[in-house]
Amino acid sequence: MDYAFQAEGLVKRFGSTTALDGVDLAARPGSVLGVLGPNGAGKTTSVRILATLLRPDAGRAVVGGFDAVHKPHEVRRRIGLTGQYASVDEDLTGTQNLVLIGQLLDLPKREARHRAHELLHQFDLAEAAGRPVRTYSGGMRRRLDLAASLVGRPNVIFLDEPTTGLDPVKRDDVWHMIRGLTAEGVTVLLTTQYLEEADALADEISVIDHGRVIAHGTSSDLKRVVGGQTVVVRPTDAGRMDEVRAILSAVAGRAAERPGPGVLSVPVDGDAAFTAVVRRLDDAGIGVTELALRLPSLDEVFFALTHPSSQAAKAAEKVLA
Amino acid sequence: MTTITVPVLAKGRPMGLVRHSLALARRSLIKTLRTPEQLLDVTLQPIIFIAIFVYLLGGAITGSRTTYLQFLLPALLVQTVMFASVATGASLNTDVKKGVFDRFRSLPISRAAPLIGSVVGDLVRFVVSIVVMLGFGAAIGFRIKTSPLEVLAACLLVMLFAFCLSWIWVLFGVLMREPGAVQGVAFMAMFPLTFGTNMLVPTDTLPGWLQAWVKINPVADVMAAARGLMNGGPVASPVLTTIAWSLGILAVFAPLAVAAYRRKA
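Residues numbered from 1 in each chain as written. Chains lettered and ligands numbered in written order. Predicted model: local features only at pLDDT ≥ 70, side-chain atom pairs only at ≥ 80, totals over all residues. Heavy atoms only, no water.

Chain B appears in an unreviewed UniProt entry as Transport permease protein from Virgisporangium aliadipatigenens. Its UniProt record gives chain B a comment under Sequence similarities (unreviewed entry), which states: "Belongs to the ABC-2 integral membrane protein family." (UniProt positions renumbered as here; feature names shortened; annotations may be inferred.)

In the annotation of an unreviewed UniProt entry, the entry for chain A reads Daunorubicin resistance protein DrrA family ABC transporter ATP-binding protein, and the organism field reads Virgisporangium aliadipatigenens. As stated in UniProt under Subcellular location (unreviewed entry), the record for chain A gives "Cell membrane". Among the UniProt annotations of chain A, the heading Sequence similarities (unreviewed entry) holds the following wording: "Belongs to the ABC transporter superfamily. Drug exporter-1 (DrugE1) (TC 3.A.1.105) family."

Right under this line is the structure:
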């Protein structure tokens, strides 16, 4: 299996603190790897090692086939990096920022200007191109920052919490851009604290906590492992709630719950239970306005995984790690 | 590896370090021009110093303000440009902590380029301070006793010395945690170096121990060279000493600064 980037057994200590305690990360070309974890879990440290900004104390980081420690120059030719804070120059204009990076990437001056112009348009910054960045809003800075990491058309791009502090509309903009990148075949490593973000963008997710990857899989893999699925039913006729309750309890073999007015739910062990519920409701002639088989939210998964005392975490480690 | 396409970047154009450093020097220049208040220490401050020394002390020291101005200005020029060099280290310290330098570090450029860019970009500060001082000096009675060419040589020599000196502050800028700390340490070193000379008064009026210090203080040679080139007198020895010290400082501190910066990554 060829990976666009791969980290194996990364260890990094800062003084007596162990920031990374054997982290493995990998992504296939053209995919998005979501790295999910709370503050201080080791997300940024992992990214900085892959992006050649830090040397690991142990382990190996390979990007585009080149070792990040031994061939950092080759790695740097292939990557784009967007940090948690916008790493653009406040005193320079949008155009000057991008042209500077183009020049540092050895693009001929004309080409650097052209590329800057193209990116500013693509990121909806054409109007602000001639203004110093200090006059930009937070969302504009992030977009410029993202544009700056794309000047050299990198194969791999590291986005370290690209939407932290953005309002939902701006966040959607960034999501849209990330999807655009992968459509062009760019491999993305995305760190985030937002489960929703990982759910929406990532092909695969690695969950990091205390410097270790505690789970890895697709979003649905993770959801499947932690707590099973839930059948949710909202009967059209609220008067038949008791009948529905009886059906759910009979199929699932446990008592149904009432998560909200007019709704009943019950945890089930497999998809077969759902079919059985549908059949019985139909036999009884009970109409429904809502009928669903739900996976637990990533929030629930994450909570379960990062609280090691929970049963679910132990199960998850067995299956996924 | 089959899916990895080669980036469009032109590979290994020659003179990469020079081009990258110049591009970054241009950045530093744009920043300076956009925040002109950064130039206060090389514009207003030298004028105030000239005024204080000439009008406050000049009469007492030489009996004639014009004579004193002629004696003081070349040496004060050295001091001003030296102090101006400290800002490079302090602003670099601020810069390194910002995300921009992370971006530079993630680019395929030499680690030396951002440092060289900062130092070269700040040369404009030296030019500004020299123009301001000579302009203000001329306005209140300073006259060139040699030739414009020799004055130009004096300016270039002073700039060379300050440029090389900058690398010490760059090293501090990379190593220290706060820009204020860089400035504090630098100024502590600068006072004995610049005031421990014959800048303000002739050496023979100083106590013996101070005379001994002036003799070994390289800044005294830089000042002697500047005076010689602007007011006349022997210049060969102080000019050569200045050049030797400059290159010596550069040879030691530039590699140390780059190494310290590289170690951070």
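**Some thoughts on the overall build of chain A**
Counting secondary structure elements, chain A contains 12 helices and 14 strands. Across the 321 residues that make up chain A, the buried fraction comes to 52%. A separation threshold of at least 6 residues defines the contact pool for chain A, and within that pool the share at least 24 residues apart is 66%. In the structure as shown, chain A presents an accessible area of about 14100 Å², 49% of it carried by carbon and sulfur atoms. Across chain A, the centroid of the 37 positively charged side chains sits 4 Å from that of the 41 negatively charged ones. (Helix = DSSP H or I, 4+ residues; strand = E, 2+ residues; numbered from the N terminus. Buried < 20%, exposed > 50% of the residue type's maximum accessible area, 1.4 Å probe, protein only. Contact = heavy atoms within 4.5 Å. Areas by Shrake-Rupley, 256 points an atom, 1.4 Å probe, with all protein chains shown as cover. Lys, Arg positive; Asp, Glu negative; His and termini not counted. Charge placed at Lys NZ, Arg CZ, Asp CG, Glu CD.)

**So, the overall build of chain B**
Each helix and strand counted, chain B has 11 helices and 0 strands in total. Listing every helix and strand of chain B by position from the N terminus yields α-α-α-α-α-α-α-α-α-α-α. Considered along the principal axes of its C-alpha atoms, chain B spans approximately 85 × 35 × 35 Å. For chain B, the residues scored as buried account for 49% of the 265 residues in total. A fraction of 79% describes how many contacts in chain B between residues 6 or more apart in sequence connect residues 24 or more apart. Considering chain B, the positive charge centre built from 22 side chains and the negative charge centre built from 9 side chains are found 9 Å apart.

**Some details on empty space enclosed by the protein**
The method is simple in principle: a probe with the dimensions of a water molecule rolls over the atoms, and the space it marks as empty is what remains. The full count for this structure, using the stated rule, is 4 cavities of 30 Å³ or more. Residue contributions to the lining of the largest cavity peak at 3 residues, all from strand 6 (residues 79-82) of chain A. When grouped by side-chain class, the residues that make up the lining of the largest cavity number 9 nonpolar, 4 polar and 3 charged. Estimates place the volume of the second largest cavity at around 40 Å³. In terms of lining residues, the second largest cavity is bounded by Ser87, Asp89, Leu92, Asn97, Leu100 and Ile101 of chain A together with Arg27, Val100, Arg103 and Phe104 of chain B. Sorting the residues of the lining of the second largest cavity by element identifies helix 3 (94-104) of chain A together with helix 4 (99-105) of chain B as the ones contributing at least two each. By residue class, the composition of the lining of the second largest cavity is 5 nonpolar, 2 polar and 3 charged. (1 Å grid on protein atoms, 1.4 Å probe; cavity = no way out; pocket = protein on both sides within 12 Å on 5 of 7 lines; lining within 4 Å. Points joined across faces, edges and corners; volume = space filled by probe spheres on them. Nonpolar A, V, L, I, M, F, W, Y, C, P; charged D, E, K, R; others polar.)

**Some thoughts on the side chain of Thr93 of chain A**
Of note, Thr93 of chain A is situated in the loop between strand 6 and helix 3. In this structure Thr93 of chain A comes out as buried when scored by relative accessible area, which is 7%. The residues contacting Thr93 of chain A, other than those within four sequence positions of it, are Ala129, Gly130, Arg131, Pro132 and Val133 of chain A together with Arg34 of chain B.

**Regarding the UniProt feature "domain: ABC transmembrane type-2" (unreviewed entry) in chain B**
The feature "domain: ABC transmembrane type-2" (unreviewed entry), as given by UniProt, occupies residues 37-264 of chain B in the numbering adopted here. Helix and strand shares over residues 37-264 of chain B are 82% and 0% respectively, and the end C-alpha atoms of the span are 31 Å apart.

**Considering the domain arrangement of chain A**
By the assigned domains, chain A splits into domain 1 (5-223) and domain 2 (229-294). Averaged C-alpha coordinates put domain 1 of chain A and domain 2 of chain A at centres separated by 44 Å. (Domains from an automatic or database assignment.)

**A short note on the UniProt feature "transmembrane region" (unreviewed entry) in chain B**
All names here are of chain B. This chain's UniProt record puts "transmembrane region" (unreviewed entry) on residues 39-62, 68-92, 113-139, 151-172, 184-201 and 239-261. Secondary structure content for residues 39-62 is 96% helix and 0% strand, and the end C-alpha separation is 32 Å. Between the C-alpha atoms that bound residues 151-172 there is a distance of 32 Å. The span itself is 100% helix and 0% strand.

**Some details on the interface of chain B and chain A**
Tallying the contact residues gives 33 residues for chain B and 41 residues for chain A. Approximately 3600 Å² of surface area, both sides summed, lies buried where chain B meets chain A, with 55% of it carried by carbon and sulfur atoms. Counting across the interface, chain B meets chain A through 6 salt bridges. The salt bridge partner of Asp145 of chain A is Arg103 of chain B, with a shortest N-O separation of 2.4 Å. Counting every contact that joins chain B to chain A gives 14 residue pairs in polar contact (both at pLDDT 80 or more). Put simply, the parts of the chain that give the side of chain B that touches chain A at least two residues each are helix 1 (16-34) and helix 4 of chain B. By residue class, the composition of the side of chain B that touches chain A is 15 nonpolar, 7 polar and 11 charged. (Buried area = accessible area lost by both parts, 1.4 Å probe. Salt bridge = Lys/Arg side-chain N within 4 Å of Asp/Glu carboxyl O. Polar contact = N/O pair within 3.5 Å; in protein donor to acceptor, adjacent residues only side chain to side chain.)

**Observations concerning the nonpolar core**
Membership of the largest hydrophobic core comes to 77 residues, with the highest contact counts inside it found for Leu98, Val188 and Val207 of chain A together with Leu115 and Trp167 of chain B. The leading source of residues in this core is helix 7 (residues 148-175) of chain B, at 6 residues. Discounting chain neighbours no more than four positions away, the residues touching Trp167 of chain B are Leu115, Ile116, Val119, Leu250, Phe253, Ala254, Ala257 and Val258 of chain B. Grouped together as the second largest cluster of nonpolar side chains are 46 residues, Leu76, Val81, Ile130 and Met133 of chain B included. (Core = buried A, V, L, I, M, F, W, Y, C linked by side-chain atoms within 4.5 Å.)

**Describing the packing of helix 3 (residues 65-97) of chain B against helix 7 of chain B**
Residue and element names in this part refer to chain B. With their axes 8 Å apart at the nearest point, helix 3 and helix 7 run at an angle of 30° to one another. Viewed along their axes, helix 3 and helix 7 adopt a mutual orientation that is roughly parallel. Crossing of helix 3 against helix 7: the hand is right-handed. Where helix 3 abuts helix 7, its residues Leu77, Val78, Val81, Met82, Ser85, Val86, Thr88, Gly89, Leu92 and Asn93 lie against Val158, Phe161, Ala162, Leu165, Ser166, Trp169, Val170, Gly173 and Val174. Tallied by class, residues from the contact of helix 3 with helix 7 come to 13 nonpolar, 6 polar and no charged. (Axes fitted to C-alpha atoms, helices over the stretch in contact; angles between N-to-C directions. Parallel < 35°, antiparallel > 145°, perpendicular 65-115°, else oblique. Left-handed = near helix turned anticlockwise from the far one by under 90°.)

**Overview of the environment of Ile286 of chain A**
Residues and elements named next belong to chain A. Position of Ile286 relative to the elements: it lies in the loop between helix 10 (271-284) and strand 14 (288-294). Judged by relative accessible area, which is 8%, Ile286 ranks as buried. Each C-alpha atom of the pair Ile286 and Ala147 lies 55 Å from the other, and the pair is 139 residues apart in sequence. Setting aside anything within four residues of it in sequence, one finds Ile286 in contact with Pro235, Arg240, Glu243, Val244, Ile247 and Leu281.

**A look at the packing of aromatic side chains**
Residues and elements named next belong to chain B. Counting across every chain of the model gives 10 aromatic pairs over all chains. Between Phe83 and Phe187, the ring centres sit 4.9 Å apart and the planes meet at 80°, which makes this aromatic pair edge-to-face. Of the two residues, Phe83 sits in helix 3 while Phe187 sits in helix 8 (residues 179-195), which places them 104 residues apart along the sequence. Each ring, one from Phe101 and one from Tyr261, has its centre 6.1 Å from the other, and the planes form 80°; the classification is edge-to-face. Of this pair, Phe101 sits in helix 4 while Tyr261 sits in helix 11 (residues 236-264), placing them 160 residues apart in sequence. (Phe/Tyr/Trp six-rings, centres within 6.5 Å; stacked < 30°, edge-to-face > 60°.)

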